[in-house]
Amino acid sequence: GVGYRSAEWPATYYLGKEARLVEGDDALPELRKAHDAFETITDERAVKKGESLLQFFVRKGVGSRCLDVADAVYANDYGAAASELGAEEVAHEQRCWTSGEEYLLVESGKTLEAAANEAAKGLDVRLSWAAARIYRDSEGVTVRRDD
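An account of the accompanying structure is given in this report. Treat the numbers as computed from the prediction; the structure is a model and nothing was measured.

Right, let's talk about a nonpolar patch on the surface for a bit. A cluster of nonpolar side chains, contributed by Leu 123, Val 125 and Leu 127, occupies part of the molecular surface with about 350 Å² of accessible area. Here Leu 123 lies in the loop between helix H5 (112–120) and strand E5 (133–137). Its relative accessible area of 56% is what places Leu 123 among the exposed residues.

There is a patch of like negative charges on the surface, built from Glu 8, Glu 39, Asp 77, Glu 101 and Glu 102. Along the chain, the position of Glu 102 falls in strand E4 (residues 102–106).

The next thing to look at is helix H1 (residues 29–39). Along H1, the positions that sit buried rather than exposed are Leu 31, Ala 34, His 35, Ala 37 and Phe 38. Projected onto a plane normal to the axis of H1, the buried residues spread over an arc of 160 degrees and lie on a single side. For H1, the exposed residues set more than 90 degrees away from the buried face come down to Pro 29 and Glu 39. Turning to H1, the residues buried within the fold contact strand E2 (12–15), helix H2 (53–59), helix H3 (64–78) and helix H4 (87–96).

Rules and cut-offs
- Here the residue numbers are simple positions, counted from 1 along each chain's written sequence.
- pLDDT decides what is reported in this predicted model: residues at 70 or higher carry local features, side-chain atom pairs at 80 or more are listed and counted, and totals for whole chains, interfaces and linings draw on all residues regardless.
- To get the side-chain values, take all heavy atoms of the structure and skip hydrogens and water.
- In this analysis, a patch consists of residues with relative accessible area above 30% that form no salt bridge, clustered at 9 Å for like charges and at 5 Å for the nonpolar side chains Val, Leu, Ile, Met, Phe, Trp and Tyr.
- Each accessible area is a Shrake-Rupley estimate made with a 1.4 Å probe; only the visible protein chains count as cover when residues are assessed.
- Think of a salt bridge as a Lys or Arg side-chain nitrogen and an Asp or Glu carboxyl oxygen that are within 4 Å of each other.
- In DSSP terms, a helix is any run of H or I states spanning at least four residues, a strand is any run of E spanning at least two, and both are numbered starting from the N terminus.
- Note on exposure labels: buried denotes an accessible area under 20% of the residue type's maximum, exposed denotes more than 50%, and partly exposed covers the range between, all computed with a 1.4 Å probe on protein chains only.
- The sign given to each residue is positive for Lys and Arg and negative for Asp and Glu; His and the chain ends receive no count.
- Taken as the charge centre is NZ of Lys, CZ of Arg, CG of Asp or CD of Glu, depending on the residue.
- Think of the arc as the fan of directions from the helix axis to the C-beta atoms.
- Residue contacts follow a heavy-atom distance rule, with two residues in contact if any of their heavy atoms lie within 4.5 Å.

In C-alpha cells form, the structure reads like this:
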C-alpha cells in the first residue's frame, strides 16, 4: 500500500534561488501578496481580458522574488506554468471551487504513480479508450463506448 496524510494548503514553500524551505506560517510577505492577489481573482473586474495568471500577478505587484514560487505553487494545482494559464479561466475555476484547501501528501519515497496504481487495484482501467457515455447511480459509475 501507499500511505498518505492530508495537509492544509499551503504547508511549505521551496525558494529555489535561495535553496531554502519555508513553512507556510512563515511565508514571505511577498508570497502572502501573491496569495492575496489570487484571492481577488474571482472579482469580475480584477482580470483583464486575455491576461495570463503571470501577467495578473505582476500587475497586482507580486515581486520577482516570489513569482517563481507562486508559479510553482499554482502550476502544481493547474498543471501549467502561470504564463500559460489564462487568468479568466483560473478566476472561473476559483468561483466554482468547492473542495476546500486540504490536499494529500504521499508518504516519503513513494510516487503519485504508485498511489494511483494502488487505488486502481481491482478496477478495470483502460488507457487510450474513448468514452461515449458515463452513467452514475447509487451503485457507482459505469463507462460505455460505442463499439
